[in-house]
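Breakdown of the fold
So the chains spell out like this:
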Amino acid sequence: MSPYADLNVPTRTLLGPGPSGVHPRVLHALAYPPIGHLDPQFIALMNEVQDLLRYVFETENPLTIPVSGTGSAGMEAALCNFIEPGDSVLVGVNGYFGERICEMAGRYGAEVRRLERPWGEVFTLDEIEDALRAKPAKLVALVHAETSTGALQPLDGVADLVHRYGGLLLVDCVTSLGGVPVQVDARKIDIAYSGTQKCLSCPPGLAPLTVGPRALEALRSRRSKVANWYLDLTLVGNYWGGSRTYHHTAPINMNYALREALRLVQEEGLEARYARHRRHAELLWAGLEEMDLALHVAPEHRLPTLTTVRVPAGVDEAAVRKALLDRYNIEIGGGLGALKGQVWRIGLMGHSSSLQNVTLLLAALRELLGR
Ligand SMILES: *Cc1c(COP(=O)(O)O)cnc(C)c1O
């Protein structure tokens, strides 16, 4: 007899910074029995997952894989493989995840330089160029969709600029992939990573990653071994492509789930999916503003997948989130880091981005705030 009760998990409406709601087809895929990680059927599935990831990243990059681990494992893989001790790394810091990139890059011996902006703002091409002119960087890292602030970093022209100064462009796409266009090849992004539980609407556990030709060349010409064995892309790449040499056991069922989640993206189509995210975000913004709530990010830099709302004076922000959860089964997020206590974070990601969820949340907030 176990003293513990049967697992009893409530069904929530997930409208926070992630995880997002998961489609029943994805949950169903997760429940198939595991097969061997070198089983020919699983190898065929690995190839399909890679093809599907190329579709959503909009890339032809052969090295496109789901890293085992959450988005932060993708971040770690994107950094440790391209940093050697003493390398200069320029990081755009305008939120919590830019800070995390600095923290990780420093641990691999990088000489980290911070390009800073207040939380909620984005970087211009000129600012990035000024920083590179002052001192070139081997790697320039930007967060495409800052989940801590709700700002969308424009990427057009950034790669050309970074390449002109001899560097590689690394982009965190955790809260953009599958929700807003990432366009790895068209934008010449060298390294991009994401997570499964945000706009791809899969449970957390895998980190899609893609590496372009310039970055692959940099990986091949390293002077030192990658300082992280588990995430060494040369070793991991030999398991996902080429010789299929055992490196670590792929999380089998998570790959079933990711395949199904990506198939749902493909069925909907990228353009339709981006339009759906934008349409529902605009409805949410209009509804919040109608209630006299202020949005933290300027309209032109607003992220459709995550909205930051200023907490009105005199309102207990944590109490509102608790009431949303207790009374309406809705999860939204609180502020993080510099915005702690100042904003709510509302995610409309993947399967969670629906008219029904926007309507429900606006009605619940109207009631709770008495507006
Ligand atoms: C969520 C997130 C991460 C980290 O992903 P985990 O899955 O929590 O490890 C990294 N970057 C951004 C922008 C994120 O939103």
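Residues numbered from 1 in each chain as written. Predicted model: local features only at pLDDT ≥ 70, side-chain atom pairs only at ≥ 80, totals over all residues. Heavy atoms only, no water.

When helices and strands are tallied, the chain shows 12 helices and 14 strands. For 371 residues, the compact-globule estimate of 2.2 N^0.38 gives 21 Å, and the C-alpha radius of gyration of the chain, at 21 Å, lies within 12% of that figure. For the chain, the spread of C-alpha atoms along the three principal axes comes to 60 × 60 × 45 Å. Expressed as a percentage of its 371 residues, the buried residues of the chain come to 57%. The contacts of the chain with a sequence gap of at least 6 include a subset with a gap of at least 24, amounting to 73%. (Helix = DSSP H or I, 4+ residues; strand = E, 2+ residues; numbered from the N terminus. Rg over C-alpha atoms; globule rule 2.2 N^0.38 Å. Buried < 20%, exposed > 50% of the residue type's maximum accessible area, 1.4 Å probe, protein only. Contact = heavy atoms within 4.5 Å.)

What follows is about helix α11 (residues 317-328). One full turn of an α-helix is made of 3.6 residues, so residues set three or four places apart face in the same direction. Taking 1.5 Å per residue, 12 residues should reach 16 Å; α11 reaches 16 Å between its end C-alpha atoms and fits that length. For α11, the full list of buried residues reads Glu 317, Val 320, Ala 323 and Leu 324. Angularly, the buried residues of α11 cover 120° about the axis, an arc narrow enough to put them on a single face. Along α11, exposed side chains directed more than 90 degrees from the buried face belong to Lys 322 and Asp 326. In this structure, the buried residues of α11 make contact with β12 (330-331), β13 (333-334), β14 (343-347) and α12 (355-369). Where α11 begins, one side-chain oxygen reaches toward the backbone nitrogen of Ala 318, 3.2 Å away; that side chain belongs to Asp 316. Phi turns positive one or two residues past the end of α11, at Asn 329, with a value near 65°. (Expected span 1.5 Å × (residues − 1). Arc of directions from axis to C-beta. Polar contact = N/O pair within 3.5 Å; in protein donor to acceptor, adjacent residues only side chain to side chain.)

Glancing now at empty space enclosed by the protein. Per the stated rule, a full pass over the model turns up one cavity of 30 Å³ or more. Computed from the structure, the largest cavity encloses a volume of approximately 30 Å³. Considering the residues around the largest cavity, the lining is formed by Ile 65, Val 67, Ser 68, Ala 77, Tyr 230, Leu 231, Leu 233, Val 236 and His 248. Counting residues per element, the ones that place at least two in the lining of the largest cavity are β2 (64-68) and α8 (233-240). Of the residues that constitute the lining of the largest cavity, the class distribution is seven nonpolar, two polar and no charged. (1 Å grid on protein atoms, 1.4 Å probe; cavity = no way out; pocket = protein on both sides within 12 Å on 5 of 7 lines; lining within 4 Å. Points joined across faces, edges and corners; volume = space filled by probe spheres on them. Nonpolar A, V, L, I, M, F, W, Y, C, P; charged D, E, K, R; others polar.)

Moving on: the domain arrangement of the chain. As far as domains go, the chain holds domain 1 (13-18 + 270-369) and domain 2 (24-266). Listed per partner, the contact involves 24 residues of domain 1 and 28 residues of domain 2. Note on domain 1 versus domain 2: buried area summed over both sides is about 2200 Å², and carbon and sulfur give 64% of it. Counting the surface domain 1 buries against domain 2, the share from its top three residues, Leu 270, Tyr 274 and Leu 303, is 29%. Counting every contact that joins domain 1 to domain 2 gives zero salt bridges. At the junction of domain 1 with domain 2, the criterion picks out 10 residue pairs in polar contact (both at pLDDT 80 or more). Breaking the side of domain 1 that touches domain 2 down by element, the ones donating at least two residues are α10 (270-290) and β11 (306-310). Per-element accounting of the side of domain 1 that touches domain 2 gives the leading share, four residues, to α10. Considered class by class, the residues forming the side of domain 1 that touches domain 2 number 11 nonpolar, 10 polar and three charged. (Domains from an automatic or database assignment. Buried area = accessible area lost by both parts, 1.4 Å probe. Salt bridge = Lys/Arg side-chain N within 4 Å of Asp/Glu carboxyl O.)

Glancing now at the sheet that holds strand β8 (residues 168-172). What the seven strands build is an open sheet, ordered β2-β10-β9-β8-β5-β3-β4; its pairing is mixed. Each edge of the sheet is formed by a strand with only one pairing partner; in this case those strands are β2 and β4 (111-116). Strand-to-strand, the axes of this sheet are offset by a mean angle of 20°, without reference to chain direction. Pairing of strand β9 (residues 191-193) with strand β10 (residues 206-211), which is carried by three bridges, proceeds in the antiparallel orientation. Following the sheet pairing, Ile 191 is matched in β10 by Val 211. Along the sheet face, helix α2 (residues 40-57) touches β2, β9 and β10 and points at about 110° away from the line of β2. Sheet contacts for helix α5 (residues 125-134): β3 (88-93), β4 and β5 (139-143); angle to β4, the most-contacted strand, approximately 150°. (Pairing = 2+ DSSP bridges. Axes fitted to C-alpha atoms, helices over the stretch in contact; angles between N-to-C directions.)

Summed over all chains, the structure comprises 24 salt bridges. For the salt bridge of Glu 129 with Arg 164, the shortest nitrogen-to-oxygen distance reads 3.7 Å. Of this pair, Glu 129 sits in helix α5 while Arg 164 sits in helix α6 (residues 158-164), and the two are 35 residues apart along the sequence. Glu 129 sits in the buried class, given a relative accessible area of 18%. On the basis of relative accessibility, which here comes to 60%, the residue Arg 164 falls in the exposed class.

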